[in-house]
Amino acid sequence: PDKDSEFGIVVLEDDSCGLYYAWMGEAQTGMNERYADIKFSGMNPLDLMQYFKSEHEADRSLGLAAINAISQSVFRQSNYHLDTASNSMGELDFKENDHVGMIGFFPSLVRRLREQNIRVSVIEKKSHLVQSDELVNVTLDASELLTCNKILSTASTLLNDSIDEILEYTRSAEVVVVVGPTAGFFPDPLFDRGVSAVGGSMIVDVDLAISRLSSEQGLGDAARKYVIKKKNYPGASNFFSQ
C-alpha cells in the first residue's frame with residue numbers, strides 16, 4: 001500500500017508470468033494483509049484463477065493474472081510463436097476519414113490522431129474528465145462507439161466487468177483491438193465477440209521484471225509487447241490437443 005507501482009506479477013514454477021493491475025485506489029485498503037506473499041506462495045494457479053469470479057476488483061485482478069500466467073505457460077509448452085514484431089495495437093491503421101473509439105484514455109495516441117485531423121471518441125467512467133472539441137470527445141456515453149469504425153480498448157474492461165457491455169456497441173466497427181500488459185490470456189472469448197486482435201506483454205526476464213516492479217520502475221526490456229490477430233490464431237483448443 002505504500003508503493004505506487006501500477007503492476008504486479010504472478011510467477012509460476014516454469015517462470016511463466018501474468019501481470020496484474022495493482023493500483024486499485026480504494027480497493028487497496030488492507031492489501032498488505034489480504035494479499036501477503038505467504039498466502040499465495042505454492043498455491044495452485046487454477047485456484048488463484050478462481051479469484052477472477054470475485055466482486056472485489058483487487059481479487060479479480062489477481063485472478064486475471066493467474067489466467068494470464070497459465071495462458072503464457074501453455075503458449076510456451078506448445079511452442080506457439082507470439083508475434084513481437086508487429087504493432088501491439090494490432091490491425092489499427094488510421095486514416096483521415098476514420099472515427100476512432102477508445103475505451104480508456106491513450107494520451108500519446110490522442111495527440112497523434114489530433115495531428116492527423118482524425119476524430120476520436122474516448123469512453124470514460126470519470127465524469128471530471130468529460131470534455132469535447134471539434135476532434136476529440138471524451139464522454140461517459142458508451143453508445144458513442146456506434147459511430148466509430150475503429151476501436152481500441154484497454155484490458156481494464158475485464159476488471160471493471162464492462163467488456164460485454166462495451167462490445168455490444170462495437171459490432172459495426174471494422175476493427176476492434178484490446179491491448180494492455182494484463183491482456184496475456186487466451187484471446188478466444190474476445191475473438192468470439194468480434195475483437196480483431198489482442199495485444200499483451202510477455203515477460204522475458206523474470207528477475208529483472210520483479211526487481212523493476214519492486215522499485216517502481218517500468219518493465220522496460222524485461223518484457224516484450226506482442227499481438228495476436230484473429231485471422232492468424234489457431235484457437236486454444238489446438239494447444240490442448242497436442
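Residues numbered from 1 in each chain as written. Predicted model: local features only at pLDDT ≥ 70, side-chain atom pairs only at ≥ 80, totals over all residues. Heavy atoms only, no water.

S.K.: Hey, could you run me through the packing of aromatic side chains in this one?
M.R.: Aromatic rings considered in pairs are described by the distance between their centres and by the relative angle of their planes. Per the counting criterion, the structure on display carries eleven aromatic pairs. With centroids separated by 5.5 Å and ring planes inclined at 80°, the aromatic side chains of Phe75 and Phe239 adopt a geometry described as edge-to-face. One end of the pair, Phe75, is in helix α4 (residues 57-77); the other, Phe239, is in helix α9 (residues 236-240), with 164 residues separating them in the sequence. Side by side, Phe75 and Phe239 carry an identical accessibility label, which is buried. Between Phe191 and Tyr233, the aromatic rings sit 5.6 Å apart at their centres with planes inclined by 70°, giving edge-to-face as the arrangement. Placement of Phe191 in helix α7 (residues 188-192) and of Tyr233 in the loop between β10 (223-229) and α9 is noted, with a sequence separation of 42 residues between them. Taken individually, Phe191 and Tyr233 each receive the classification buried, so the pair is uniform in this respect. In this structure an aromatic cluster arises from ring pairing among Phe75, Tyr80, Phe186, Phe191, Tyr233, Phe239 and Phe240. Directly above the aromatic system of Phe52 lies the positively charged group of Arg60, at a separation of 4.6 Å from the ring centroid. (Phe/Tyr/Trp six-rings, centres within 6.5 Å; stacked < 30°, edge-to-face > 60°. Helix = DSSP H or I, 4+ residues; strand = E, 2+ residues; numbered from the N terminus. Buried < 20%, exposed > 50% of the residue type's maximum accessible area, 1.4 Å probe, protein only. Lys NZ or Arg CZ within 6 Å of the ring centre and 35° of its normal.)

S.K.: Looking at this structure, I do not really get the sheet that holds strand β3 (residues 99-103). What am I missing?
M.R.: On the basis of which strands lie adjacent, the open sheet formed by eight strands has the order β5-β6-β4-β3-β7-β8-β9-β10 and mixed pairing. Two strands lie at the open edges of the sheet, namely β5 (131-132) and β10, each paired on one side alone. For β3 and strand β4 (residues 119-123), the ladder comprises five bridges, and the chain directions are parallel. Bridge pairing in β4 places Met102 opposite Val122. Against the sheet, helix α5 (residues 107-115) makes contact with β3, β4, β6 (136-139) and β7 (150-154), and its axis sits at roughly 170° relative to β3, the strand it touches most. (Pairing = 2+ DSSP bridges. Contact = heavy atoms within 4.5 Å. Axes fitted to C-alpha atoms, helices over the stretch in contact; angles between N-to-C directions.)

S.K.: Any chance you could explain the pattern of salt bridges here in plain terms?
M.R.: Two side chains that carry opposite charge are able to pair once their charged atoms sit near each other. In this structure the tally under the stated criterion is seven salt bridges. Two residues, Arg60 and Asp161, come together in a salt bridge whose shortest N-O distance is 3.8 Å. You can see Arg60 sitting in helix α4 and its partner Asp161 sitting in the loop between β7 and α6 (163-168), a full 101 residues away along the chain. Classification of Arg60 as buried rests on a relative accessible area of 10%. You can call Asp161 exposed: its relative accessible area is 59%. In this structure, Arg114 engages Asp133 in a salt bridge whose closest nitrogen and oxygen atoms are separated by 3.0 Å. Of this pair, Arg114 sits in helix α5 while Asp133 sits in the loop between β5 and β6; the two residues are 19 residues apart in sequence, bridging distant segments of the chain. Residue class for Arg114 comes out partly exposed when judged on its relative accessible area of 37%. Judged by relative accessible area, Asp133 falls into the partly exposed class, the value being 37%. (Salt bridge = Lys/Arg side-chain N within 4 Å of Asp/Glu carboxyl O.)

S.K.: Please explain the pairing of strand β1 (residues 7-11) as it appears in this structure.
M.R.: Sheet analysis places β1 next to strand β2 (residues 17-21), joined by five bridges and oriented antiparallel. Within the sheet, the bridge partner assigned to Val11 lies in β2 and is Cys17. Connecting β1 to the antiparallel partner β2 that follows it, the hairpin turn spans five residues, and Asp15 within it adopts a positive phi of roughly 70°.

S.K.: Would you mind going over the nonpolar core with me for this structure?
M.R.: One broad trend across soluble globular proteins is that nonpolar side chains are buried collectively. In terms of nonpolar packing, the biggest core is built from 32 residues, with Leu190 and Val195 touching the most fellow members. With sequence-adjacent residues up to four places away left out, Leu190 is seen in contact with Ile163, Leu167, Val178, Phe185, Val195 and Val198. Membership of the second largest hydrophobic core comes to 21 residues, among which are Val120, Val122, Ala197 and Val227. (Core = buried A, V, L, I, M, F, W, Y, C linked by side-chain atoms within 4.5 Å.)

S.K.: Would you take a moment to explain α5 for this structure?
M.R.: Residues spaced three or four apart along an α-helix face the same direction, because each turn holds 3.6 residues. Taken as a whole, α5 has its buried residues at Leu109, Val110 and Leu113. Buried residues in α5, looked at end-on, bunch into an arc of 100°, giving them a common side. Counted as exposed and oriented over 90 degrees from the buried face of α5: Ser108, Arg111 and Glu115. Packed against the buried residues of α5 are β3, β4, β6 and β7. Where α5 terminates, the next one or two residues include Asn117, which has phi positive at roughly 65°. (Arc of directions from axis to C-beta.)

S.K.: What is the right way to read the side chain of Asn68 from this model?
M.R.: With respect to the helices and strands, Asn68 occurs in helix α4. What Asn68 contacts, discounting residues up to four positions off in sequence, is Cys17, Gly18, Leu19, Thr182, Ala183, Gly184 and Phe185.

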